[in-house]
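This is what each chain is made of:
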Amino acid sequence: MIGIVSRADTHVAETRAAGPILELVGLEKRYVGTHALKPATLAFEAGEIHAIVGENGAGKSTLIKLLTGVIPRTSGEIVWQGKPTDLSTPHEAIALGINAVHQEVVLCRHLTVAANMFLGEEKRRFGLLQHRAMVREAQVILDDLGFEIPAHVPLGSLTIGQQQLVATARAATRGTRFLIFDEPTAYLTRREAAQLFALIRRLEAEGVTIVYISHRMEEVFELAARVSILRDGTLVGTRRISETNEAELIGLMINRSLEQIYHKDSFTPGATILEARHLSGKGFEDVSMTVRAGEIVGLYGLIGAGRSEFVTTLFGREAPSEGQILWEGQPVNIRSPRDAIDLGIALAPESRRDQGLCLNLPVGLNLNLAIYDRLARTGLVSRSEEASAAERQIADLRIKTAGRHALASSLSGGNQQKIVIGKWLSHGARLFIFDEPTVGVDVGTKAEIYRLFSALLSNGAGIILISSYLPEVYELADRLHVFRRGKLVASHDYRSASHEEILGEAIGI
Amino acid sequence: MSESEEIKKAALSRGRFNMLFGLTLLGLLLLLWVALGFATTSFWSANNISNLLRQGAMIAILAIGQTFVIITGGIDLSVGAITGFTSVIVALLLQSGLPIWAAVILTLMLGAGIGIFHAFGIVQLGLPPFIITLATLTSLRGIGLLITNGATISITNDTFTEFSRNDFLGIPNLFWMVIVVGLPAWVLLHHSRFGRYLYAVGSNAEAARLSGINVKGIIYLAYTISAVCASFVGLLLAARIGIGNATQAEGWELQAIASSVIGGTSLFGAVGSVHGPLLGAFILATINNGANLMNVNSFWQRIITGVLIIVIVYFDQLRRRGR
């Protein structure tokens, strides 16, 4: 046996005997403008599975980055086996045996699976790489874990889920003693998730300390021995799994009643704005639905269920392969985002950084990007109108920024999201599509965004809201459609089904 | 609100730094001029200043066009080749007896055609800008040599050649051409919506597209502007040296890129101006001119240029990182 067991064996004795393997003492991280992690004190026991839960933006990723030496801390101490440590570089973290498996795979897609597993620790003889030996050994490790992944193929030829498993195998075989998982199952199939859990249990048995970060309560209760809760950058508590329940955890995570966050005004729905009839395209098939003025249509499903593909097709990013789109009762042919925008559709896309914002350009330019044809009627941009349009948005949306000349990248996630949304408010659309509008947004900003929805609805607009966070669509949508594997599998009116039912439909039990 | 004050302070200092950088370039140029005035007797002579303005003018115009392309996140390696190639074309057209205005318009249209071809390769064929413009760099020189059979075409039209030697209001015509190109370019980049779109495309093409911007159109615009600027320089060069020759303007694309980068343009796109590359081009021209006057070995000029690029871009990086 090579790999996991042999390398980890040597540590078992010492780690089991010792108390905490890693302690945080008043650990704190500030960025300009945000307090990402308020002073946190916490001890991780050697060999335990410790879950960390919290909403998006609660400070989980900040904590991971601090523990893996990616960012420097503002103050506080990290104590590794009783000794304070700098942990100022990733290298240092790895040398101690701290590793992380990230939600997004951070490996080299063009290299083979084996090359990735040995990246930085290549096998050499006389300075030359031993390709075949590495492939052989990697294959033994993968087979031993039951992953059914060939070691000689390029990493990029695998599914995202398989890549995630490779990343996990890599992290597990490097003499790791403290392994952090960041939402590892987000892109995994159920089968892959089961394989991952088996690996985690095995690592636990070998005395590796596991930090497991997830939104998914059922995973936390299945795996963890203890759970810590983060909220708005504050570590609000740690519980033994046997002494807590889902309701308590959720209560600690949000600390306010759902009604307070999910502000919903009811409007009488008006005329139908958009209708999709048996629409098929890349990633979804045979989807029919209508959106009326004054209502929120929610789309729920797991990541990759085809919701984003469906709405980006409505927005003209890809052409539908079959079916029809009707706008205010008339069949329309939307061939580009420009066509969609001209009709009156606005899209706040899923990924702010990749699709929504020009990060290295000023806030004002980002806010006005969709309306420059109006700001430049004479051919030249009216500087005063440009300024006043941007200032109005900044004030109305209460965007926290140094001014319209500040770069979009200097803003916090929530304020960036306000820009993505604000861009379309000044444009004045009739149908607003929000794809995961509150990912990485703090609770306060969330509430503001929801209030904004109400304002839009009262002006006679319709909203399509995509969210992977069930309570959000559940509490806000007048009509909720559930997607699974590219198909619309169920539809419910406001609060007419239970969370369990809807989740079951999305997963496909 | 201490947090928002912190943000404000950070942004303010950045703003000052930005302005400082613009002024630094101008300051550097003026410093060079003053220093050369003391170091040499002939620098401030009318003759030398005219000469300097003429030398800098052509690279400056290339750099302006290049900047449009770089702002979109691309690169145009072909501008030197276009300049050489179009000098041949205009020489041939004049030789065939066409009036100057017709030869000029046809040459500029040809330049536009080359730019459109670049954008076609990038947008429709999906080729990287570096590759498509590298391909035209070598091909255009080849075509130019082929149609002239490697010979130099002399231009006998005196009105055409005199233009480059003459002055207007005491300033060389060639320098006026920088203003003729620079002013509309400045309006386009800083005061029209197309300018805003150029930055947006360079910053995040997908976000721009989802905001309803015709990204492909903007790419066509940028490469066409660059190629037209280059063919315009081809006209000026032909007038200045009185010949058309496809091997002329060798390496000018690198000087244009260097001027643009010295002028604060970011090769990653979305950062750049019109005045920056102008200053950059004249800083380079001044260094060459001064080195000539001081009898510095011309090989040194190349080394100095290289060092300058590293120093200036390094400070620019510091400015960007300091946010």
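Just so you know, the residues in each chain are numbered from 1, in the order the chain's sequence is written. Chain A is the first chain written and ligand 1 is the first ligand written, with later ones labelled in order. With pLDDT at 70 or above as the cut-off, local features in this predicted model cover only qualifying residues; side-chain atom pairs require 80 or more to be listed or tallied, and sums for whole chains, interfaces and linings still use all residues. No hydrogens and no water enter the side-chain calculation; it runs on all heavy atoms of the structure.

A. Spotlight on the overall build of chain B. Starting at the N terminus, helices and strands are each numbered in turn, a helix being any DSSP run of H or I of at least four residues and a strand any DSSP run of E of at least two. When you go through chain B residue by residue, the secondary structure sums to 13 helices and four strands. Using C-alpha atoms as the atom set, the radius of gyration is obtained and then compared with a globule rule of 2.2 Å times the number of residues to the power 0.38. Over its C-alpha trace chain B gives a radius of gyration of 20 Å, about what one expects of a compact globule, namely 20 Å for 323 residues. The buried label applies to any residue whose accessible area, calculated with a 1.4 Å probe on protein chains only, is under 20% of its type's maximum; exposed applies above 50%, and partly exposed to all values in between. The proportion of buried residues among the 323 residues of chain B is 52%. Expressed as a percentage of contacts within chain B between residues at least 6 apart in sequence, the contacts between residues at least 24 apart total 78%. Where accessible areas are quoted, they stem from the Shrake-Rupley method and a 1.4 Å probe; at the residue level, only the protein chains shown are allowed to cover. Accessible area for chain B stands at about 14,400 Å²; split by element, carbon and sulfur atoms hold 69% of it. Working convention for charge: Lys and Arg count positive, Asp and Glu count negative, and His plus the chain ends are omitted. One atom stands in for each charge, and that atom is NZ of Lys, CZ of Arg, CG of Asp or CD of Glu. Of the side chains in chain B, 17 bear a positive and 11 a negative charge, and the two mean positions are spaced by 5 Å. Residues count as neighbours in contact if any of their non-hydrogen atoms are within 4.5 Å of one another.

B. Structural context of the UniProt feature "transmembrane region" (unreviewed entry) in chain B. All names here are of chain B. Under the feature "transmembrane region" (unreviewed entry), the UniProt entry names residues 20–40, 52–71, 129–147, 168–189, 218–239, 260–287 and 299–315. Helix makes up 100% of residues 129–147 and strand 0%, and the two end C-alpha atoms of the span are 26 Å apart. Between the end C-alpha atoms of residues 299–315 the distance is 25 Å, and the span holds 100% helix and 0% strand. UniProt positions are given in the numbering used here, feature names are shortened, and annotations may be inferred rather than shown by experiment.

C. Highlighting the packing of aromatic side chains. Residues and elements named next belong to chain A. Any two rings among Phe, Tyr and Trp, with Trp reduced to its six-membered ring, count as a pair given centres within 6.5 Å; such a pair is stacked if its planes are under 30 degrees apart, edge-to-face if over 60, and tilted if neither. Inspection of every chain in the model, using the stated rule, returns 16 aromatic pairs over all chains. Pairing Phe315 with Trp424 gives two aromatic rings, centres 6.4 Å apart and planes at 85°, and the pair type is edge-to-face. In this pair, Phe315 is assigned in the loop between α11 (307–314) and β16 (322–327) and Trp424 in helix α17 (residues 413–427), connecting sequence segments 109 residues apart. Per residue, the accessibility class of Phe315 equals that of Trp424, and both read buried. By the ring-pair criterion, three or more aromatic residues cluster together here, those being Phe432, Phe434, Tyr450 and Phe453.

D. Quick peek at the pairing of strand β13 (residues 272–281) of chain A. Residues and elements named next belong to chain A. At least two bridges found by DSSP between two strands are what make those strands a pair. The sheet contact formed by β13 and strand β14 (residues 284–292) spans six bridges and is antiparallel. Of the residues in β14, the one forming a bridge with Gly281 is Phe284. Following β13, the chain reverses through two residues before pairing antiparallel with β14; Gly283 in that reversal takes a positive phi of roughly 95°. As judged from the five bridges shared by β13 and β16, these two strands associate in the antiparallel manner.

E. Quick peek at the sheet that holds strand β6 (residues 98–101) of chain A. Residue and element names in this part refer to chain A. Taken in spatial order, the six strands make up an open sheet running β6-β9-β10-β3-β11-β12, and their pairing is mixed. Each end of this open sheet is capped by a strand with a single partner; those strands are β6 and β12 (234–240). Pairwise comparison of adjacent strand axes, ignoring direction, gives a mean angle of 20° for this sheet. Pairing of strand β11 (residues 226–231) with β12, which is carried by six bridges, proceeds in the antiparallel orientation. Bridged to Leu230 within β12 is Leu235. Here helix α6 (residues 160–172) sits on the sheet and contacts β6 and β9 (178–182); the angle it forms with β6, its principal contact strand, is near 175°. The strands that helix α7 (residues 190–205) touches are β3 (49–53), β9 and β10 (209–213); relative to β10, the one it contacts most, it runs at about 145°. Geometry is summarised by axes, namely lines fitted to C-alpha atoms with helices restricted to the contacting stretch, and by angles between N-to-C directions that run from 0 to 180 degrees.

F. Local environment of the environment of Leu140 of chain B. Residues and elements named next belong to chain B. Counting through the fold element by element, Leu140 comes out in helix α5 (residues 129–148). A C-alpha to C-alpha distance of 6.1 Å links Leu140 and Ala81, two positions 59 residues apart in sequence. Leu140 has contacts with Ala81, Ile82, Phe85 and Ile114, leaving out every residue within four places of it along the chain.

G. Structural context of the pattern of salt bridges. The salt bridge criterion pairs a side-chain nitrogen of Lys or Arg with a carboxyl oxygen of Asp or Glu, the two atoms within 4 Å. Tallying each qualifying case throughout the model produces 22 salt bridges over all chains. Two residues, Arg191 of chain A and Glu148 of chain A, come together in a salt bridge whose shortest N-O distance is 3.2 Å. Separated by 43 residues along the polypeptide, Arg191 of chain A in helix α7 and Glu148 of chain A in the loop between α5 (131–145) and α6 bring together distant segments of the chain. A single burial state applies to Arg191 of chain A and to Glu148 of chain A, both of which are exposed. Across the pair Glu206 of chain B and Arg209 of chain B runs a salt bridge whose closest N-O atoms are separated by 3.6 Å. Taken together, the positions of Glu206 of chain B and Arg209 of chain B, both in helix α9 (residues 205–210) and three residues apart, correspond to about one turn of that helix.

H. View of the domain arrangement of chain A. Residue ranges for the domains originate in an automatic or database domain assignment. According to the domain assignment, chain A consists of domain 1 (4–255), domain 2 (257–344 + 431–509) and domain 3 (353–428). For domain 1 of chain A versus domain 2 of chain A, the separation of C-alpha centres amounts to 34 Å.

I. The arrangement of the interface of chain B and chain A in detail. With 29 residues of chain B in contact, the opposing surface of chain A contributes 38 residues. Accessible area that two parts lose when put together, evaluated with a 1.4 Å probe and summed over both, is termed the buried area. Taking both partners together, chain B and chain A bury about 2,900 Å²; carbon and sulfur atoms supply 58% of that area. Scanning the region where chain B abuts chain A turns up two salt bridges. Of the charged contacts in the structure, one is a salt bridge between Glu206 of chain B and Arg317 of chain A, with a shortest N-O distance of 2.6 Å. Polar contact criterion, stated in full: a pair of N or O atoms within 3.5 Å, where within protein one must be able to donate a hydrogen and the other to accept it, and residues adjacent in sequence count only if both atoms are side-chain atoms. Scanning the region where chain B abuts chain A turns up nine residue pairs in polar contact (both at pLDDT 80 or more). The set of elements that each furnish at least two residues to the side of chain B that touches chain A consists of α1 (2–39), α7 (173–191), α8 (193–203) and α9 of chain B. Under the scheme applied, nonpolar residues are Ala, Val, Leu, Ile, Met, Phe, Trp, Tyr, Cys and Pro; charged residues are Asp, Glu, Lys and Arg; polar residues are all the others, including Gly. Across the side of chain B that touches chain A, the residue classes break down as 12 nonpolar, eight polar and nine charged.

J. The nonpolar core, seen in detail. Here the nonpolar core consists of buried residues drawn from Ala, Val, Leu, Ile, Met, Phe, Trp, Tyr and Cys, with membership extended through side-chain atoms lying within 4.5 Å. Counting 93 residues, the largest nonpolar core has Ile61, Leu62, Ile213 and Trp252 of chain B as its most contacted members. Per element, the largest residue contribution to this core is 16 residues, and it comes from helix α10 (residues 215–241) of chain B. Those residues in contact with Leu62 of chain B that lie beyond four places of it in its chain are Val79, Thr83, Cys229, Ala230, Val233, Trp252 and Ala256 of chain B. Residues Tyr262, Ala305, Val473 and Ala477 of chain A belong to the second largest nonpolar core, which totals 72 residues.

K. Structural view of the side chain of Asn289 of chain B. Its location among the elements puts Asn289 of chain B in helix α12 (residues 275–293). Apart from residues no more than four positions distant in its own chain, Asn289 of chain B is found in contact with Phe43, Asn48, Leu52 and Gln55 of chain B.

L. Representation of the sheet that holds strand β21 (residues 479–484) of chain A. Residues and elements named next belong to chain A. Overall, mixed pairing links the six strands, which are arranged β18-β19-β20-β15-β21-β22 in an open sheet. For this open sheet the edge positions go to β18 (345–348) and β22 (487–493), each flanked by a neighbour on one side alone. Geometrically, the sheet is characterised by an average inter-axis angle of 20° between neighbouring strands, direction not taken into account. Inspection of the sheet shows strand β15 (residues 296–300) paired to β21 by four bridges, in the parallel sense.

M. Spotlight on the side chain of Thr107 of chain B. Residue and element names in this part refer to chain B. In this structure, Thr107 sits in helix α4 (residues 100–123). The exposure class assigned to Thr107 is buried, which follows from its relative accessible area of 0%. Excluding residues within four positions of it along the chain, Thr107 makes contact with Thr86, Ile89, Val90, Leu93, Ser231 and Leu235.

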